[in-house]
Amino acid sequence: MAKYDLATPLSETQIRELKVYDVVYLSGLVVTARDQAHLRALDFFKENKQLSINLEGLAVFHCGPVLKKDDNQWVVVAAGPTTSTRMEGVEAEFIAGSKVRMVIGKGGMGQRTAEAMVKFGAVYCAFTGGAAVLAAQAVKRVLGVQWLDLGEPEAMWQFEVDKFGPLVVAIDTHGGNLFSDIAQKVEFNRQIISQKLNCKL
Amino acid sequence: MLRQDKVVEEVAFELVRQAVIFLPQDVKAALQRAYTEETSEVARTQLQTILDNVALAEKKKVPICQDTGNLVFFVKVGAEFEGIDCVENALLAAVRRATVEVPLRPNAVHPFTQKNSGDNTGRGLPEIHWELVSGKTLALSVLVKGGGSENFSVLGLLNPAEGLSALKRFVVDAVIRAGAQPCPPTILGVGVGGSAELALHLAKKALLKPLGEPNEDESLDCLEQELLEAANLTGIGPMGMGGRTTVLGVHLDYAFRHPASFPVAVMFNCWAARHASARIEVDGSVKYLTHTK
Ligand code: SF4
């Protein structure tokens, strides 16, 4: 469980060094995207249209933030991660099209995403669910936003972050997957519990 | 003296504000204890982040989590409480005000048109559960229920012949199926018996009970402990990344059932187990029960 301070743009070498259980504190540029923004981005990739920001080497954060406007400047109030599995159907294509090097969310992702990460050189990091105030504090500035027509939580926000973390690497480029490791252990424990409770589980 | 409906609105607003910003003392203590007892490094990291976040929310007086949930009120009202007919409107007014002033995320969406009402109210929201008793006082509790934990609620209409072992299996299965998603460590409310909807109601209401307070029924207390131990043996851990603490506490409640049916409901509260209670006395004075104003 090594600790890394990383900054965007992230290089492929940096990312391929990371292993599951490593802890990362990230500085630089992070964009938020939930289901709707992922879908919109895929349309852009398909039509070869440019996003308002080049995502190569950046991190995408599964997050629907709460913001307020102070003196015409957006300020992040709360920015916890949302459930990542909702994006499982589109994340592999998103990684291929955007060349992001890091996906941040909660709860882990599936096999398709894991395979895309090995292929393109990207990692999945888990940020503590519900820790929305800490995440908001790491956001130094809101640099921009696109697709506000999707609504504030679904829009793609560009955050400048400073030492955003702890982010736990949960899918790496070596085939490691923290959440599926745990799921296997839990299955094994199910048998032990079953004996203890004296009932078949 | 303020009119009684104004008092109700003020108290409801204050309870919502307290609940979303400050965790009850028992929940904080349980999270702290979990941190001390964890040996896995990644689990400690998660609990440390949770504790830091709780402290920062208190300091900045902002909601602990961006999902400020749907609001569920439990009203235990004396039949002679003055202004009893104004309670519902007072609760609605309090929710609208809290949405703007706390602020809360607007989370009330029409199920067919997806239109968000913008103020956390709508048909059926906030959820209000009434209990009419004799007397002149009003006891009010609010439970702030996030979507992540609500989504893993389950109801089983089990085989009565399989008895307790079916119940235990059902609860452990629910915890395993939920895994990382309801932001563990969670608190479980388990409703046993009654009808299908009564079991769910009992399970949800049980989430208001303080952690660490033994069940008044000794054999139920024993079952709560057994379920707690079993849930923690799963090894799911904080945020599903492995560890000793998957569940902070189990609260059981029950009702008599039909001989042929055995409803069991499990409700989850995430680590951000937000709730608050108060009582309005006959003279309009207010006693806050979970938080100090
Ligand atoms: S489950 Fe609870 S802590 Fe997690 S995101 Fe939802 S409301 Fe917040």
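Just so we're clear, the structure is a prediction, and the values are computed from it rather than from any experiment.

What about the overall build of chain A?
Line of reasoning, step 1. A count of helical and extended segments in chain A gives 6 helices and 9 strands.
Line of reasoning, step 2. C-alpha atoms of chain A, sized along the principal axes, occupy 60 × 35 × 30 Å.
Line of reasoning, step 3. Each of the 201 residues in chain A was classed as buried or not, and the buried ones make up 59%.
Line of reasoning, step 4. Long-range pairs, those at least 24 residues apart, make up 64% of the contacts in chain A with a sequence separation of at least 6.
Line of reasoning, step 5. When the accessible surface of chain A is totalled, it reaches about 8,500 Å², and 49% of it is carbon and sulfur.
Line of reasoning, step 6. One finds the centroid of the 22 positive side-chain charges in chain A at a distance of 4 Å from the centroid of its 22 negative side-chain charges.

Brief notes about the environment of A:Gly144
Residues and elements named next belong to chain A.
Line of reasoning, step 1. Mapping Gly 144 onto the fold places it in strand β8 (residues 139-146).
Line of reasoning, step 2. Taking the C-alpha atoms as reference, Gly 144 lies 9.4 Å from Val 31; in sequence the two are 113 residues apart.
Line of reasoning, step 3. Not counting chain neighbours up to four residues away, the residues in contact with Gly 144 comprise Met 156, Trp 157 and Gln 158.

Details of the site of the ligand
Line of reasoning, step 1. What surrounds the ligand is the set A:Gly130, B:Cys65, B:Asp67, B:Gly146, B:Gly148, B:Ser149, B:Pro182, B:Cys183, B:Cys270, B:Ala272 and B:Arg274.
Line of reasoning, step 2. Nearby residues around the ligand are contributed by chains A and B.

Notes on the packing of aromatic side chains
Residues and elements named next belong to chain A.
Line of reasoning, step 1. Here the structure, examined in full by the defined rule, presents 5 aromatic pairs over all chains.
Line of reasoning, step 2. Ring geometry for Phe 44 and Trp 147: centres 5.2 Å apart, planes at 65°, overall edge-to-face. Taken together, the residues Phe 44 in helix α2 (residues 35-46) and Trp 147 in the loop between β8 and β9 (156-171) connect sequence positions 103 residues apart. Of the two residues, Phe 44 and Trp 147, both sit in the buried class.
Line of reasoning, step 3. An angle of 55° between the planes, with centres 5.2 Å apart, marks the rings of Phe 61 and Phe 164 as tilted. One end of the pair, Phe 61, is in strand β3 (residues 59-61); the other, Phe 164, is in strand β9, with 103 residues separating them in the sequence.

Examining helix α6 (residues 178-197) of chain A
Residues and elements named next belong to chain A.
Line of reasoning, step 1. Helix length check: α6 (20 residues) gives 28 Å between terminal C-alpha atoms against 28 Å at 1.5 Å per residue, within 8%.
Line of reasoning, step 2. If you check which residues of α6 are buried, you get Leu 178, Phe 179, Ile 182, Val 186, Asn 189, Arg 190, Ile 193, Ser 194 and Leu 197.
Line of reasoning, step 3. Measuring from the backbone nitrogen of Phe 179 back to the side-chain oxygen at the start of α6 gives 3.2 Å, which picks out Asn 177 as the cap.
Line of reasoning, step 4. Looking one or two places after α6, you find Asn 198, whose phi comes out positive at around 60°.

Scoring rules and cut-offs
Per chain, residues are indexed from 1 in the order of the written sequence. Just so you know, chain letters begin at A and ligand numbers begin at 1, following the order they were written in. Local features are withheld for residues below a pLDDT of 70 in this predicted model, meaning they are given only at 70 or higher, and side-chain atom pairs are given and counted only at 80 or more; totals for whole chains, interfaces and linings count all residues. Calculated side-chain values reflect all of the structure's heavy atoms, with hydrogen atoms and water omitted. Working definition: helices are DSSP H or I runs of at least four residues, strands are E runs of at least two. Numbering for both runs from the N terminus. Classification of residues uses two cut-offs on accessible area relative to the type maximum, computed with a 1.4 Å probe and protein chains only: under 20% is buried, over 50% is exposed, and between them is partly exposed. The contact rule is simple, with two residues in contact once any of their heavy atoms fall within 4.5 Å. For accessible areas, the Shrake-Rupley method is used with a probe of radius 1.4 Å. Any residue's cover is judged against the shown protein chains and nothing else. Residues counted as positive are Lys and Arg, residues counted as negative are Asp and Glu, and His and the chain ends are not counted. A charge is said to be at NZ when it belongs to Lys, at CZ for Arg, at CG for Asp and at CD for Glu. The cutoff for a nearby residue is simple: one of its non-hydrogen atoms must lie within 4 Å of the molecule or strand. Two aromatic rings from Phe, Tyr or Trp, using only the six-membered ring of Trp, form a pair when their centres are within 6.5 Å; if the ring planes differ by under 30 degrees the pair is stacked, by over 60 it is edge-to-face, and anything between is tilted. For a helix, the expected span equals 1.5 Å multiplied by the residue count minus one. Within 3.5 Å is the distance limit for a polar contact, defined as a pair of N or O atoms, with the added protein rule that one can donate a hydrogen and the other accept it, and that residues adjacent in sequence qualify only through two side-chain atoms.

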